[in-house]
Amino acid sequence: MRVDTDEAQLTALRAMADPLRWRVMQALAREQLCVCHLVEDLGVTQPLISHHLRALRQAGLVETERHRYWTYYRLRPEAVRALGQGITALADQAPTGAEGRRPCGPDAPPQEPTEEPGT
């Protein structure tokens, strides 16, 4: 059996999994902030904040807007919401009890071989 994955969702989930990035996202869920605010609020260095913001932007979770001399960062609620819906759909389709159990052993019907990508 082959599991389909959406690479964009995996990238976003990996980005969110970092504890500092999660804290950045929590801060941006409250208000739009520039790097100097995040440095002060989170107590970490500017290069580290910039690194994590870049990862969140590349994952499509954060966007920017210039205001005078500063760049403000804000959370992209639609992107976070889409991830949440994907996780909810995963939970909703999960079988419970004996439902959806694949048989194994000598009584199991033969499975069609699946081609792995790149083979």
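Structure: above.
The rules behind these values
- Residues numbered from 1 in each chain as written.
- Predicted model: local features only at pLDDT ≥ 70, side-chain atom pairs only at ≥ 80, totals over all residues.
- Heavy atoms only, no water.
- Salt bridge = Lys/Arg side-chain N within 4 Å of Asp/Glu carboxyl O.
- Helix = DSSP H or I, 4+ residues; strand = E, 2+ residues; numbered from the N terminus.
- Buried < 20%, exposed > 50% of the residue type's maximum accessible area, 1.4 Å probe, protein only.
- Pairing = 2+ DSSP bridges.
- Polar contact = N/O pair within 3.5 Å; in protein donor to acceptor, adjacent residues only side chain to side chain.
- Contact = heavy atoms within 4.5 Å.
- Axes fitted to C-alpha atoms, helices over the stretch in contact; angles between N-to-C directions.
- Parallel < 35°, antiparallel > 145°, perpendicular 65-115°, else oblique.
- Nonpolar A, V, L, I, M, F, W, Y, C, P; charged D, E, K, R; others polar.
- Core = buried A, V, L, I, M, F, W, Y, C linked by side-chain atoms within 4.5 Å.
- Arc of directions from axis to C-beta.

Counted by the stated rule, this structure contains 5 salt bridges. Measuring nitrogen to oxygen at the nearest pair gives 2.9 Å for the salt bridge that ties Arg74 to Glu63. One end of the pair, Arg74, is in strand 3 (residues 70–75); the other, Glu63, is in strand 2 (residues 62–67), with 11 residues separating them in the sequence. For Arg74, a relative accessible area of 24% translates into the label partly exposed. Given the relative accessible area of 29%, Glu63 is considered partly exposed. The shortest N-O distance in the salt bridge between Glu65 and Arg74 comes to 2.5 Å. Relative accessible area serves as the criterion here: at 40%, Glu65 is assigned to the partly exposed category. Several salt bridges converge on common partners, so that one network encompasses Glu63, Glu65, Arg74, Arg76 and Glu78.

Let's shift gears to the sheet that holds strand 1 (residues 33–34). Strands sit in the order 1-3-2 across an open sheet of 3 strands; the sheet is antiparallel. The strands lining the two open edges of the sheet, one partner per strand, are strand 1 and strand 2. Relative to strand 3, strand 2 runs antiparallel, the two being bridged by 6 bridges. Within strand 3, the residue paired with Val62 across the bridge is Leu75.

Okay, the side chain of Arg21 next. In this structure, Arg21 sits in helix 2 (residues 19–30). Looking at Arg21, its side chain comes within polar contact range of the side chain of His52, at 2.8 Å. Each residue touching Arg21, except ones within four places of it in the same chain, is listed here: Arg14, Ala15, His51, His52, Ala55 and Leu56.

Turning our eyes to something else, we now look at the packing of helix 2 against helix 4 (residues 46–58). At a minimum axis distance of 10 Å, the contact between helix 2 and helix 4 shows a crossing angle of 80°. Considering the angle they form, helix 2 stands roughly perpendicular to helix 4. Where helix 2 approaches helix 4, its residues Leu20, Arg21, Val24, Met25 and Leu28 are matched on the opposing element by Leu48, Ile49, His51, His52, Leu53, Ala55 and Leu56. Class assignment for the residues of the contact of helix 2 with helix 4 results in 9 nonpolar, 2 polar and 1 charged.

On a regular strand, one side chain projects to one face of the sheet and the next to the other, so that they alternate. Judged from the 2 bridges that link them, strand 1 and strand 3 form a sheet pairing that is antiparallel. Within the sheet, the bridge partner assigned to Leu33 lies in strand 3 and is Tyr73.

With that settled, consider the nonpolar core. Core analysis: the biggest nonpolar cluster contains 23 residues, and Val24, Leu28, Leu38, Ile49, Leu53 and Leu61 have the highest contact counts within it. Tallying contributions element by element places helix 2 first for this core, with 5 residues. Not counting residues within four places of it along the chain, the set of residues in contact with Leu61 comprises Ala12, Ala15, Met16, Met25, Leu56, Arg74, Leu75, Arg76, Ala79, Val80 and Leu83.

Along an α-helix, a turn takes 3.6 residues, which lines up residues three or four apart on a common side. Residues of helix 3 (residues 35–42) that are buried: Val35, Leu38 and Leu42. The buried residues of helix 3 occupy an angular sector of 60° when the element is viewed end-on, so they sit on one face. Each element contacted by the buried residues of helix 3 is listed here: helix 2, strand 1, helix 4 and strand 3. Gly43, located one to two residues past helix 3, shows a positive phi value of around 70°.

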